[in-house]
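Residue-level structural notes
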Amino acid sequence: MTNLDLPAPVLAYVAATNAFDIDAFMATFAEDALVNDHRNEFAGCEAIRAWAQREIIGDGVTMHVTGATFRGNAVAVTARIDGNFDKTGLPNPLVLTFYFSTSGERIVQLIIVHNKPAA
């Protein structure tokens, strides 16, 4: 799996995250997009921008994509996450799954989950 196999808006999301570029990050989302991060919902660009500035850009989050599974216009991306956030109680490495739904060149829905490892 290489990043090049991912849909364009997902590639742009990863690149913007790793560049700490809030404007490029926001350009990946549709106007009416929805983000659910750790069971907290952020609907629409204003709410997503506030969340991203605080939780992604502000915390210096970086993503290293380790895999992806495709289902129609959706892709589940697993990535090792690092940054300047409180890591107390988190596994090392921290691996999250990003469930992207896209329409055209925009992300319409993103759900971020810390899945439990297989038993």
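Residues numbered from 1 in each chain as written. Predicted model: local features only at pLDDT ≥ 70, side-chain atom pairs only at ≥ 80, totals over all residues. Heavy atoms only, no water.

Re the overall build of the chain
Across its full length, the chain carries 3 helices and 6 strands. Put simply, the chain runs from its N terminus to its C terminus through helices and strands in the order α-α-β-β-α-β-β-β-β. In summary, the chain has a C-alpha radius of gyration of 13 Å against a globular reference of 14 Å for 119 residues, a match within 12%. Projected onto its principal axes, the C-alpha positions of the chain cover 35 × 30 × 25 Å. Buried residues in the chain amount to 40% of all 119 residues. In the chain, 44% of the contacts between residues at least 6 apart in sequence involve partners at least 24 apart. The averaged location of the 13 negative side-chain charges in the chain is 8 Å from the averaged location of its 8 positive side-chain charges. (Helix = DSSP H or I, 4+ residues; strand = E, 2+ residues; numbered from the N terminus. Rg over C-alpha atoms; globule rule 2.2 N^0.38 Å. Buried < 20%, exposed > 50% of the residue type's maximum accessible area, 1.4 Å probe, protein only. Contact = heavy atoms within 4.5 Å. Lys, Arg positive; Asp, Glu negative; His and termini not counted. Charge placed at Lys NZ, Arg CZ, Asp CG, Glu CD.)

Topic: the nonpolar core
Soluble globular proteins: nonpolar side chains tend toward being buried together. Within the largest apolar cluster, 33 residues are counted, with the highest numbers of intra-cluster contacts made by Y13, F25, W51 and F98. At the level of elements, α1 (8-19), α2 (22-26), β1 (29-37), α3 (44-57), β3 (62-71), β4 (74-82), β5 (94-103) and β6 (106-113) are the ones that each hand at least two residues to this core. Among the elements that take part in this core, α3 stands out by supplying 6 residues, more than any other. Beyond its immediate chain neighbours, meaning those up to four positions away, F25 contacts Y13, A16, T17, I48, W51, A52 and I56. (Core = buried A, V, L, I, M, F, W, Y, C linked by side-chain atoms within 4.5 Å.)

Looking at the sheet that holds β3
With respect to topology, 6 strands assemble into an open sheet ordered β2-β1-β6-β5-β4-β3, the strand pairing being mixed. Only two strands of the sheet have a single neighbouring strand rather than two, namely β2 (40-43) and β3. The average angle at which neighbouring strand axes cross in this sheet is 20 degrees, direction not considered. Of the pairings in the sheet, the one linking β1 to β6 comprises 5 bridges and is parallel in character. By the bridge assignment for β6, N36 is matched with I111. Each of β1, β3, β4, β5 and β6 touches α1; the most contacted strand, β3, lies at about 165 degrees to it. Contacts between α3 and the sheet are confined to β1, β2 and β6, with β1 contributing the most and set at about 50 degrees to the helix. (Pairing = 2+ DSSP bridges. Axes fitted to C-alpha atoms, helices over the stretch in contact; angles between N-to-C directions.)

So, the environment of G72
Note that G72 resides in the loop between β3 and β4. Taking the C-alpha atoms as reference points, G72 and G44, separated by 28 residues in sequence, lie 23 Å from one another.

Quick word on the side chain of T102
Tracing the backbone through its elements, the reader meets T102 in strand β5. For T102, a relative accessible area of 11% translates into the label buried. Apart from residues no more than four positions distant in its own chain, T102 is found in contact with P9, V10, N73, I107 and V108.

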